[in-house]
Amino acid sequence: MDGWQGPEDGSPQQGSAEVLLRGQFLLVPALRHSCALTLTRGGELHIQGVEAGLDSLSTVLKLADCICCCSFRGGETQEPAAYFSVFCYPFKKGWWDSSASRQRVVKTFQVSGSQDVEENLKLAETWAKKIRELSLPKIPKQEGVTYSLLPRPCRVLVLLNPQSGTGRALQLFHSHVQPMLTEANIAFTVFVTERPNHAHDFVQNGDLSSWNALVVMAGDGLMFEVVNGLMERQDWESALKKPLCILPGGSGNALAASINHYAGNEPAIREELLTNCTYILCKGLHTPMDLVSLRTASGKRLFSFLSFGWGFISDVDITSERYRKLGNARFTMGTVQCLAKLEVYKGRLSYLPVGETSASSSPYSEQSSSSGQSGHHTCYRNGHPSHILPQTVPGVSHVPEGTWPEDSLLVPFNQPVPKHWTVEPEEEFVSIFAIYQSHLGADYVMASKAKLHDGSMHLFYLKAGVSRTALLKLFLAIQKGTHMDLNCPQLRYIPVRAFRIEPFVAAGLMTVDGEMLPCEPVQGQVQNQLCRIIGGP
């Protein structure tokens, strides 16, 4: 018999085991066996076969794995039936898997206890609504951090680069992402990029009011375009309140891997990582994310969500671009190539460690940054003129700052860093790398303790003198996040709030979020919780 009833028919129950709904429905479409359903306050849907010999039908769906539940009328049949379907993606281990991965589980039940289809539909929606309520993620409570949920129903804009990574992003969207968004009742518009900075220009100038979130399906480079495009809007403050989301479609996928890590999931790559990140999007929890404000000696200001580097790691990132069709294996190829011609870079590194009390230094301002510079933009190295000539950054336009957030920890390049900063006495480096997320790539764990909004950058620098063998061991250890356990004497790590890098000569590659920059003095500081991203905690 279809229907529902509360726990009053039996012993009183309290807490998570409290029964909210009970009913008996047909499991469809193939089996059409009668099942008894019990929905508990703890977010479990108990399914039990009623007929003898149907124990195999008995199961429990945990609604924490549910992305949606919908009710609907029957098709063209004469039956006055209604239905509700539950869409879940629990972690399950298949015979082909070495570890558990999210697998699609769909259960559809027929409600036909009444001859009136509207009554059946009403009962089906009662179940669907309660299941949707119990499926909502719990909003974490953390002082100073505001978590929120996407509205339901909602609309998202998917910015997709079909050329990123192995060139399968559009195909993977149709095969993996689109079905899950449809099940989760998330409407979407797909914007396929056709040229470099296409996404940057669109989000900078376009009307974004139709969408509740901006989804980037590509590599980290497209997210860099989107972040800086949003920052160059006149209404950048309100634009950054719209949550961002990353779906891995590139070869590195560092932010996607970090989001997966923060969710407490096991490491994942390729389609498994894509399914995990799409599931996170469907659940709709979003949280603040720090950005890093970067300034170059030539007058550019950029905003970064992932990393800034100079030297070996950046060399590997850019050198391996030619192997992007290999996916994440490109970085192995790039590492071998860069090891063969290991370079040492000369410059000065200064930083403000986390926990260091800020002195009363003057905030960075456009007026003060130009006061000590001539018309041809003489660059400075810790207060002394440098012969590095300014160069333009392709695809990044300079916009008057207006109400942009103030870099209160930085001073102009024509001034020495504040006295409470640390100036590294070594001036020869193999690599300097500041990362603000946990992962350097889908299977490269650089800073496992990083958080989306921890107010810090994780600064790693490798001094000259490291052997090629030791460097290779470090590279292999990063895949497991154990590189610090090697106790390499040339490797240093410190969490910082700000840094300055001043090359003595324009040598080597600099990268921001995986995108190449001209080699010149650069400094940056964390801007706490400047944007929002779908993920957590």
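Residues numbered from 1 in each chain as written. Predicted model: local features only at pLDDT ≥ 70, side-chain atom pairs only at ≥ 80, totals over all residues. Heavy atoms only, no water.

Turning next to empty space enclosed by the protein. Scanning all chains against the criterion turns up one cavity of 30 Å³ or more. The volume enclosed by the largest cavity comes to roughly 30 Å³. Taken together, the residues that form the lining of the largest cavity break down as three nonpolar, two polar and three charged. (1 Å grid on protein atoms, 1.4 Å probe; cavity = no way out; pocket = protein on both sides within 12 Å on 5 of 7 lines; lining within 4 Å. Points joined across faces, edges and corners; volume = space filled by probe spheres on them. Nonpolar A, V, L, I, M, F, W, Y, C, P; charged D, E, K, R; others polar.)

Within helix 6 (residues 254-262), eight of the nine residues are buried, which leaves the element mostly enclosed by the surrounding structure. The complete set of buried residues in helix 6 reads Ala 254, Leu 255, Ala 256, Ala 257, Ser 258, Ile 259, Asn 260 and Tyr 262. Of the residues flanking the end of helix 6, it is Gly 264, one or two places downstream, whose phi is positive at about 85°. (Buried < 20%, exposed > 50% of the residue type's maximum accessible area, 1.4 Å probe, protein only. Helix = DSSP H or I, 4+ residues; strand = E, 2+ residues; numbered from the N terminus.)

Moving on: the pattern of salt bridges. Within the structure shown, the criterion is met by 15 salt bridges. The salt bridge involving Glu 125 is made with Arg 132; its shortest N-O contact spans 2.6 Å. A salt bridge links Arg 195 to Asp 201, with the nearest nitrogen and oxygen atoms 3.1 Å apart. A relative accessible area of 44% means that Arg 195 is categorised as partly exposed. In this structure Asp 201 comes out as partly exposed when scored by relative accessible area, which is 27%. Taken together, the salt bridges that share partners define one network made up of Arg 295, Arg 301 and Asp 407. (Salt bridge = Lys/Arg side-chain N within 4 Å of Asp/Glu carboxyl O.)

For the rest of this paragraph, the subject is the layout of surface pockets. Quantified by volume, the second largest pocket comes out at close to 570 Å³. As for the second largest pocket, its lining consists of 23 residues, and the residues nearest its centre are Ala 64, Pro 137, Lys 138, Tyr 279 and Lys 283. Elements that contribute at least two residues to the lining of the second largest pocket include exactly helix 1 (117-135) and helix 7 (270-283). Looking at the lining of the second largest pocket element by element, the count peaks at three residues for helix 7. Residue composition of the lining of the second largest pocket, grouped by class: eleven nonpolar, six polar and six charged. If you count residues domain by domain, the lining of the second largest pocket takes at least three from each of domain 1 (19-135) and domain 2 (148-288). (Domains from an automatic or database assignment.)

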